[in-house]
There are 2 protein chains.
Amino acid sequence: MVKREYSTADIIEHIADLWQPLNEEQRAILANDFTIQRFRKNETIYCEGEKATHIMCLLSGKVKIVKDGVGGRTQIIRVIKPVEYFAYRAYFADEEYVTAAAAFEPSVICMIPMKTITRLIGENHQLAMFFIKQLSKDLGIADERTVSLTQKHIRGRLAEALLFLKENYGVEEDESTLSIYLSREDLANLSNMTTSNAIRTLSIFASEKLIAIDGRKIKLIDEDRLRKISKIG
Amino acid sequence: MVKREYSTADIIEHIADLWQPLNEEQRAILANDFTIQRFRKNETIYCEGEKATHIMCLLSGKVKIVKDGVGGRTQIIRVIKPVEYFAYRAYFADEEYVTAAAAFEPSVICMIPMKTITRLIGENHQLAMFFIKQLSKDLGIADERTVSLTQKHIRGRLAEALLFLKENYGVEEDESTLSIYLSREDLANLSNMTTSNAIRTLSIFASEKLIAIDGRKIKLIDEDRLRKISKIG
DNA sequence: CTATAATTATGTTGTAGAGCACAAAATTAG
DNA sequence: CTAATTTTGTGCTCTACAACATAATTATAG
């Protein structure tokens, strides 16, 4: 399933968003400067408070960006799928990480020094626009999310999380079983509730035939109704 | 108090962040392309769902960026002080506005077409970096805020809001009265609570000698303790 | 200057959801 | 294979906070 080896050509293909805008000279710089790192399931990728030095590109696997709040509760701020970039915000903002990152599943990550990236941005405005656009999209999502998480009720938040997981990580061959198998705790941290309430609400959803549960496998049965529940909050 | 007229030179001085990185030719382009608009207290500046066409720079006054959630409650997502830029995210993300903006107070805003901005970004990487940095900072703030608003209790959220207002808009000559006079409703929308609870908690804070209230004037008396309340949530 | 509306204040009630406790099931370790 | 640990499931209690009601005060308009 997970590739054991990545050739340079493989990687370049994966990081096309960065690669494509570059000219030959710039490509030479980039090609020389990335490294590959593997992370096991649940392994931490970076921690809050650490100094940001590399942009990371998820080549395969699934990653969560989390933040611990007061009282020990953890919020999943956003999730990363292949091929997406992360871990660059703090460097650009001249800050330490305000979040942490961990792998949901075995993951392979391509690391590029931010120094190289900023140098390339200085020479290539298409690359600059790539980051401006990405940050702008993420900021919009964050704004939406703030309101959803604070205002929607438990059922609405869980329904939203399930639909989000489908949109983001997709489904299996049956077209309705979520491709990501999250623990109830992760699901709770994603939708801002306690683990007990995630478990409870999940089984209520199952009893209402909105979803079917088989361990960590979640099958979305009545997506329309889930969407309605998510929308009304 | 509020300037009746702004000369071109005045404005250029205000938008130094954009102006300074530019060369003569680029400056000529920008100088030709901005307009000034005034907004009355509580006047709407832009609405959710509208198309974003101009970046806005607040020259004087105070502005709130808000988002309506389910159930009619409104969240103040962020606030703008002079001289800060806003309203550009949606254009960069190729989206319509997901938020609305309104003036807390009479405000003067400089508008520059986003087409001009993107053109200038294409020629000037310092300008690109300005936006990358700004967006990165805002995204970090949004992430922090999500966790605060969802996890802290009412007292913690209100204390945080009061301290934030001091840091952001400053205080009067006495060094402790907030310079911004918000309605209880705005204060509630800023700290994610109902208006009644903002009123109630505010008067509890007053009875605990943490603050002093005189109508909409709020004086921070025991900032250390407020900070503690904000921190522990 | 009065009438109307908006804002502030305070008390009361109801409930969503946190915070346990405990058991069953599933993983992991030895 | 068995013991230990983690995850899942369910019930119960308690409280933070929303929701509503009503009055007092202040602002706005006609």
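That block above? That's the structure.
Calculation notes
Residues numbered from 1 in each chain as written. Chains lettered and ligands numbered in written order. Predicted model: local features only at pLDDT ≥ 70, side-chain atom pairs only at ≥ 80, totals over all residues. Heavy atoms only, no water. Axes fitted to C-alpha atoms, helices over the stretch in contact; angles between N-to-C directions. Helix = DSSP H or I, 4+ residues; strand = E, 2+ residues; numbered from the N terminus. Parallel < 35°, antiparallel > 145°, perpendicular 65-115°, else oblique. Left-handed = near helix turned anticlockwise from the far one by under 90°. Contact = heavy atoms within 4.5 Å. Nonpolar A, V, L, I, M, F, W, Y, C, P; charged D, E, K, R; others polar. Near = heavy atom within 4 Å. Polar contact = N/O pair within 3.5 Å; in protein donor to acceptor, adjacent residues only side chain to side chain. Buried area = accessible area lost by both parts, 1.4 Å probe. Salt bridge = Lys/Arg side-chain N within 4 Å of Asp/Glu carboxyl O.

### Concerning the packing of helix α7 (residues 154-169) of chain B against helix α10 (residues 223-232) of chain B
Residues and elements named next belong to chain B.
- Interaxial distance between α7 and α10 falls to 7 Å at its minimum, and their mutual angle equals 130°. Our classification of the angle between α7 and α10 gives oblique. Considering only the axes of α7 and α10, their crossing is left-handed. Of α10, the residues touching α7 (which contributes Arg155, Gly156, Ala159, Glu160, Leu163, Lys166 and Glu167) are Glu223, Leu226, Arg227, Ile229 and Ser230.
- Its residues assigned to classes, the contact of α7 with α10 comprises 4 nonpolar, 2 polar and 6 charged.

### Remarks on the protein's contact with DNA strand C
- In the vicinity of DNA strand C there are 15 residues, among which Thr194(A), Asn197(A), Arg184(B), Arg200(B) and Arg216(B) approach most closely.
- Ile154(A) places a polar main-chain atom, nitrogen or oxygen, 3.3 Å from a phosphate oxygen of DNA strand C.
- For DNA strand C, a phosphate oxygen lies 2.9 Å from a polar atom in the side chain of Arg216(B).
- Elements represented by at least two residues in the surface near DNA strand C include exactly α7 (154-169) and α9 (195-207) of chain A together with α9 (195-207) of chain B.
- Considering each element in turn, the surface near DNA strand C owes the most residues, 4 residues, to α9(B).

### Some thoughts on the interface of chain B and chain A
- If you look at the interface, chain B gives 44 residues, while chain A gives 44 residues.
- Both faces considered, chain B and chain A share a buried interface measuring about 3800 Å² in area, 67% of it formed by carbon and sulfur atoms.
- For chain B, the biggest contributors to the area lost against chain A are Val70(B), Leu139(B) and Gln151(B); these three give 17% of the whole.
- Summed over the shared surface of chain B and chain A, the result is 6 salt bridges.
- Lys67(A) is the salt-bridge partner of Glu144(B), the closest N and O atoms lying 3.3 Å from each other.
- Counting every contact that joins chain B to chain A gives 13 residue pairs in polar contact (both at pLDDT 80 or more).
- Counting residues per element, the ones that place at least two in the side of chain B that touches chain A are β4 (63-68), β5 (74-80), α4 (89-93), α5 (114-123), α6 (125-151) and α10 of chain B.
- Residue composition of the side of chain B that touches chain A, grouped by class: 16 nonpolar, 14 polar and 14 charged.

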